[in-house]
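Coordinate analysis (summary)
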Amino acid sequence: MLLPLLSLAFGAGLSAAKILSLSQLNWTVQNQEGLIKVPAQVPSQVHLDLKDADVITEPLLGINDFTERWIVTDPAWIYTADLAPILNEYAQGTVAGHPLAWVNNQFQEYVYDISEYLASPLHNDTTLSVSFESAYLYGLNVSSRPDVESQIAIDFEWPGVREFIRKISSDFGWDWGPAFAPSGIFKPAYLITLSEEVNSTAPDSSPAAHPLLLSNAGGLFIEESSLEISKVGQTPIARPDESADWVVNVTLALRSMHADPNPTLTVSVPELNVTSGPLSLAPIPATSNASIFVSATFTIPSDVPQRWYPHNLGTPKLYNFTVTLSTAGLPPASYTNRSGFRTVFLAQTPYSREDVEQRGITPGDQWHFEVNGKIIYSMGSNVIPFDPFYARISTDKVRWILESVVQSGQNMLRVWGGGIYQPSDELTGGYDFYSICDELGILVWSELGFSDASYPVNDFFLESIEREVRQNVRRVKKHPSNVQWAGGNEIEPALLLVNNTIGTLLPARYIDDFLLLFQDFLHDIVMQEQTTVAYTDCSTTNGVLSLDPYLLRLNNLTEGYIYGNAELYNYDTSQAFNYSTYPKARFVNEFGWEEVLQSPDDFSFNSTVVMSRDHHPPALGLLWPNPLAPVGQGEMTVAVEQWLPTPSTSDTNQTFAQWCYSTQVFQSMYMMSEIAYYRRGSGRGENNLGALVWQLNDIWQGVSWSAIEYSGRWKVMQYGLSNIYSPVMIYPFWTPKTETLEVAVTSDRWDTVTGTAQLTWYDWSGRALNTSSLAFSVPSLNSTTVFEAQGLDAVLPVGSKAEDVWMHLNLTATADGQTVTHEQYFVPVSLANANLVDPQIKMTPGPDMTFTLSAQGGVAPFTWLDHPSGTVGYFADSTSGKPLNGFYLVPGMDRTVQFIQSSSLSPVANPSPANFVIRSLWNNSHI
């Protein structure tokens, strides 16, 4: 007898005998009134299905984020198929005419036994229907519950709902993205049948690539599987004993058709020739309507495996772990997990008196990561959702962006708490994220799904988020890339910002509820579910008074001390390069500057489309176009006018293109200045050991802070990050007020780095005026000043004016047994005031998409090569292979770059060299 089981394990399409992907069924979607009914897909979302049916056009075109709002406010959208169930978000489902369930959390996995429903259909109904209530209307409804109190939240667009419901926060709008609030079966799902008989037609007995696939063989369904590798005695709040044995724990949530009082689990690592032998498990009952958790642990000697490291500090070594479950009445069931051996520790306790007195560290708390017992400098950026519509995100696109992270020298990504819990694989998540980070050696700062709001603490809400958090923490803990869980984004500083009104304009319950949720409730769940990474209450925090018990510092601060981590957003562009406005912090997890989209529908800086896509500052409601967009446009305009030649030519298209390019150039200049300052802080009193720029990627084609466009195209800042995240860096720190120039060399290496710095002055015609060579030695994770001068007479070449000259800085060093080079530029005045000379750039195409660039006239600052529409890729130095674009092109110093194309993301496979465009700052005012 077959016992059908509905499994809502999110995954990709399968055609195996016992696992039916719901993507194989014929679906329709209709609105509540039935006036619209079109074919649909699973996984998908309403907007995408309406687009495919030509009811609407591509949501990301033009002003469709406004014209398609009616989809959000339609009371419900109903997906129907002839057989098979799935639930997600705010949905209620029926199977064979039977109501199945009502769910309200987008971040959970749901599994239901539908055997009885299929055995007795009502009125011969063999369909599955999933009705998605409008998330916005549901939010208004649930916020009116008698046990729900008012909350504090920024209404970016759709007002008053996101803090009350468990859905991607940015679906309702953010200051860098649209507010489509999409609904639908956004991840794949399966109908799984379990049999008391062994499936003789099942695949061979080799380990399955995923635990879900074991259901092909008969009567076993693994609903959840987790793998955690730690050290004996390890806890998240103390440095692990690096010499201790490794502990490997496997935990399964399973349903079985066969009871077994004495099941066993065996874990092997074939590459290491290591096996646990049979490990006893708790008894497994025969049940399909609930999962049973079983767990087993064994140890591996410390020196047996090779350790996993982030890519810039070692090899991200991974091993295959074969897990075999043996139960009575079934053949052994084996699957493979991939993971690595590493320790991670987040230091949050006070610096010692010795550190303060002998190392010169400013008193306060530590805040940095240690990997495998060694302190690291965290260099990276922040990740937002890759698309407003999750269902169409591809692994190819995500892999390209993550590979771009590695190419630019970043070693850490922060998964922003206002988005989605990133998936672990295609089969269960639709696309891959964490496994690629494991493979590429990218550290991941993970966050729970909370952002920029206070949240309810009633039982209804807490019950929902408890299951959400437990499931996701269990899933992610197998990934060596994951280094911490933060409770959410910017919630502590937001509450402290309004703290002066607590007890007057605002009741004290806001702080009390925050502590209940983020200090106590979420902390305890994360600590119960894993033992290897720290929990912090949120990004941007003043840290802790105590780790055990976990007590937040909040405003318990001592003047002159440094605590927790920090962020910076300063839109007074006159202060962009004023180092005194940058925070002296242990770790800076957010800082950024917006720039404008590069390919809008109408080429005008202040056109309706461009203005409508500037969500900074946000509209704070549904007014459209954003009435505050002129503020953001004005900030970008002023920034360019202050620091770069103002774009103005007789060709309106060129002028618009130069405005777009110039906002990107300023963004890159500003962010590189901040990163250089924070990195230099590793050798100063703040002992800064982390800089994560906001933001890495885009959710659409619009004004944002991103380094990589929605399409995958690199912006100027992405090349800037490739430069400034070099392991050994030279940078000119210029203080105009005192006319002081300091040139510093900074290293993130674990060993002392030695080398030579070359400082060469040029005029804008490209003539070398003087040069000096300076030897240096930089200790581990430190910075050394190699040159310092005060007063223009001492800084500039003799007889030169500041408007007429610039300095080229480069270094050659030996690090980790290899030669490292780096270059930077110093201009003693704003480039808006520099006496530039026509560079007369000549571009010569070569084989294999190479281009040799030559300045036939003067120096071309921020020489930029654009690849044509329909292509995605980046430019790299043809000799070193390092990313290179947006550089100073000097007469007599030709540069040859190669276009490295993404074949999977480029509709145009063989672009013509004639369609590549060269520009520089000279083109801001010259045709």
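The following refers to the structure shown. (Residues numbered from 1 in each chain as written. Predicted model: local features only at pLDDT ≥ 70, side-chain atom pairs only at ≥ 80, totals over all residues. Heavy atoms only, no water.)

What follows concerns the sheet that holds strand β39 (residues 841-846). Ordered in space as β39-β40-β44-β42, the 4 strands form an open sheet in which the pairing is antiparallel. The strands lining the two open edges of the sheet, one partner per strand, are β39 and β42 (873-877). The average angle at which neighbouring strand axes cross in this sheet is 30°, direction not considered. Note that strand β40 (residues 850-855) and strand β44 (residues 895-901) share 4 bridges and pair antiparallel. The partner of Thr852 across the bridge, within β44, is Thr896. (Pairing = 2+ DSSP bridges. Helix = DSSP H or I, 4+ residues; strand = E, 2+ residues; numbered from the N terminus. Axes fitted to C-alpha atoms, helices over the stretch in contact; angles between N-to-C directions.)

Another aspect to go through is the sheet that holds strand β32 (residues 728-735). Taken together, 3 strands build an open sheet; the order of strands is β32-β33-β36 and the sheet is antiparallel. Of all the strands in the sheet, the pair left with one neighbour each is β32 and β36 (782-790). Strand-to-strand twist in this sheet, taken as the mean axis angle between neighbours without regard to direction, amounts to 20°. Pairing of β32 with strand β33 (residues 740-747) involves 8 bridges; the strand directions are antiparallel.

Most of β40 sits out of view: 5 of its 6 residues are buried. As judged from the 6 bridges shared by β39 and β40, these two strands associate in the antiparallel manner. Within the sheet, the bridge partner assigned to Pro845 lies in β40 and is Phe851. From the end of β39 to the start of β40, which pair antiparallel, there are 3 residues, and Asp848 there has a positive phi angle of about 55°. (Buried < 20%, exposed > 50% of the residue type's maximum accessible area, 1.4 Å probe, protein only.)

Moving on, we come to the packing of helix α15 (residues 652-680) against helix α16 (residues 716-724). In contact at an axis separation of 8 Å, α15 and α16 are set at 25° when each is read in the N-to-C sense. Considered as vectors, α15 and α16 are oriented roughly parallel to each other. Relative to α16, the crossing made by α15 is right-handed. Here Gln664, Val665, Gln667, Ser668, Met671, Met672, Ile675, Ala676 and Arg679 of α15 lie close against α16, whose contacting residues are Val716, Met717, Gly720, Leu721, Asn723 and Ile724. Considered class by class, the residues forming the contact of α15 with α16 number 9 nonpolar, 5 polar and 1 charged. (Parallel < 35°, antiparallel > 145°, perpendicular 65-115°, else oblique. Left-handed = near helix turned anticlockwise from the far one by under 90°. Contact = heavy atoms within 4.5 Å. Nonpolar A, V, L, I, M, F, W, Y, C, P; charged D, E, K, R; others polar.)

Turning next to the packing of aromatic side chains. A full pass over the atoms with the stated rule returns 64 aromatic pairs. Judged by centre distance (5.2 Å) and plane angle (75°), the rings of Phe107 and Tyr421 are edge-to-face. Here Tyr421 lies in the loop between β23 (412-415) and α8 (426-429) and Phe107 lies in the loop between β7 (98-104) and β8 (110-112), a separation of 314 residues in the sequence. For the pair Phe107 and Tyr421, one class covers both residues: buried. Geometrically, the ring pair formed by Tyr455 and Phe461 is stacked, given 6.2 Å between the ring centres and 25° between the ring planes. The burial state of Tyr455 is the same as that of Phe461; both residues are buried. Positioned over the ring face of Tyr510 is Arg509, at 4.3 Å from the centre of the ring. Over the ring of Phe733 we find Arg680, and its NZ or CZ is 4.6 Å from the ring centre. (Phe/Tyr/Trp six-rings, centres within 6.5 Å; stacked < 30°, edge-to-face > 60°. Lys NZ or Arg CZ within 6 Å of the ring centre and 35° of its normal.)

Here the residue pair Val42 and Pro43 is connected by a cis peptide bond, since its omega of 0° sits within 30 degrees of zero. Position of Pro43 relative to the elements: it lies in the loop between β4 (37-40) and α1 (46-52). Even without being glycine, Asn372 reaches a positive phi, approximately 55°. In this fold, Asn372 is placed in the loop between β20 (368-371) and β21 (374-375). With a phi close to 45°, Asn687 is a non-glycine residue in the positive phi region. Locating Asn687 in the fold gives a position in the loop between α15 and β31 (690-693).

Evaluated as defined, the whole model comprises 10 cavities of 30 Å³ or more. Empty space within the largest cavity amounts to approximately 470 Å³. Lining the largest cavity are 28 residues, with Glu109, Glu223, Thr428, Gln471 and Arg475 sitting closest to its centre. The set of elements that each furnish at least two residues to the lining of the largest cavity consists of β11 (220-231), α8 and α10 (459-476). A breakdown of the residues in the lining of the largest cavity according to their chemical character gives 9 nonpolar, 11 polar and 8 charged. By volume, the second largest cavity amounts to about 80 Å³. Around the second largest cavity, the lining residues are Asp65, Arg69, Phe156, Glu157, Ser612, His615, Pro618, Ala619, Leu623, Trp624 and Asn626. Each residue belonging to the lining of the second largest cavity can be placed in one class, and the counts come to 5 nonpolar, 3 polar and 3 charged. (1 Å grid on protein atoms, 1.4 Å probe; cavity = no way out; pocket = protein on both sides within 12 Å on 5 of 7 lines; lining within 4 Å. Points joined across faces, edges and corners; volume = space filled by probe spheres on them.)

It is worth stressing that arrangement in space is one thing and function is another; only the former is reported here.
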